[in-house]
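# Summary of structural features
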Amino acid sequence: MAGCTDCPRACAARGPDSYCGTSRPGRVFWRGVTLLEEHAISPTYEIYFTGCSLRCRFCTVPDALYAPDVGEWMPPEDLARDVADARHPPFNAVSLVGGDPTVNLPYVRDLVPALRRHVPTADLVLNTNLFVDLRHAPWLTDAFDWIVGDVHFWRPACAGPLAGSRDYPAAAVAAGEAFAAAGARLILRVLVLPGHLDCCAAPTVAWAAALPGDVQVHVMTHYAPAGRARSHAQLGRGLTDAEIAAARALLPPGARVPDAAPRPVRARLATAEDPAVPFEVGPDGRVLFPFVTGDLLPVVADLQPALRDRLSYLGTPADLALSTE
Ligand code: SF4
């Protein structure tokens, strides 16, 4: 029997012994409407699939990686119908996230047309680490309105120990270029990691900003250590103010960046429900929320200005309030 071709790992067979460990594609770790994606795709109904093709040391949802066969599973038609349920807060986009959605491709292929039927006005977003088999790029470009690519590393010597693949940077660059060439509307996110400004963030931003096509570059400076990163010598801290300033200076003049203006959104009904969110409390007492739902909005609005400023695309408290009229 031929091996799995859903990602560049090319395992002999999908299952508990494969790299992603997913026996049944389409298991969901968490889903709900979040408010802190780029304005063009926010608020977003996010579907976090289990299973990933990488093992990033700083992953904020490690349970999705290390327990890939745990989680909700619904037939694609039922999941799409539930996404359209009026009990959810309003959203402008549906984003497939993970883990990585591309290790769930057999399910995603059925989910996309179901979402088009049940939530026809929502943009569909593929949020991927870009460790993608290039053979899938044309289909993914056609299927989604947006490709959001998180480019985590540039240098193989960094990606090997910290993400589980020295091959990842070259694959991500090839995938980004393939998506751009295929005409995808791309947001390339560069999460700046402490100690990786010169080796990874700088060349990644330069590459992304020079790509032809409909490409926006989002330099993210809000990194906070989570999970296995907390004990890591290099990744166990946030960025210093000097590193944030240096990261923001990486964008060359004229680079396209995400839109600073929020999109209008329907008013949130008083009966709207947000799901419970996982959170992590560090030894220093800091609490990390990987997802910001409407229930958590007052917490974000009350953040100290120095912390809010790290979310460079956040806008003002008034912008946030737009989502919760
Ligand atoms: S999707 Fe999973 S099983 Fe398939 S090649 Fe990638 S890691 Fe291996």
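Scroll up to find the structure.
Cut-offs and rules
- Residues numbered from 1 in each chain as written.
- Predicted model: local features only at pLDDT ≥ 70, side-chain atom pairs only at ≥ 80, totals over all residues.
- Buried ≥ 20, exposed ≤ 12 C-beta atoms within 10 Å, placed from the backbone.
- Helix = DSSP H or I, 4+ residues; strand = E, 2+ residues; numbered from the N terminus.
- Near = placed C-beta within 6 Å.
- Nonpolar A, V, L, I, M, F, W, Y, C, P; charged D, E, K, R; others polar.
- Contact = placed C-beta atoms within 7 Å.

## Re unusual backbone geometry
Cis geometry marks the peptide bond from S42 to P43, where omega comes out at -10 degrees. A positive phi is found at A10, a non-glycine position, where the angle reads about 50 degrees. Taking the number of C-beta atoms within 10 Å as the measure of exposure, A10 has 12 and is therefore exposed. Although it is not a glycine, L130 sits at a positive phi angle of roughly 70 degrees. Its place among the elements puts L130 in the loop between β4 (123-128) and α4 (137-143).

## Let's talk about the site of the ligand
The ligand sits among 13 residues. The nearest are C4, C7, C11, S18 and C20. A class-by-class count of the residues in the shell around the ligand yields seven nonpolar, three polar and three charged.

## Let's talk about the environment of V125
The residue V125 is located in strand β4 in this model. The exposure class assigned to V125 is buried, which follows from the 28 C-beta atoms found within 10 Å. C-alpha separation for the pair V125 and D63, spaced 62 residues apart in sequence, amounts to 22 Å. Residue contacts for V125: discarding those within four places in its chain leaves I41, T44, A93, V94, S95, L96, F144, D145, W146 and V148.

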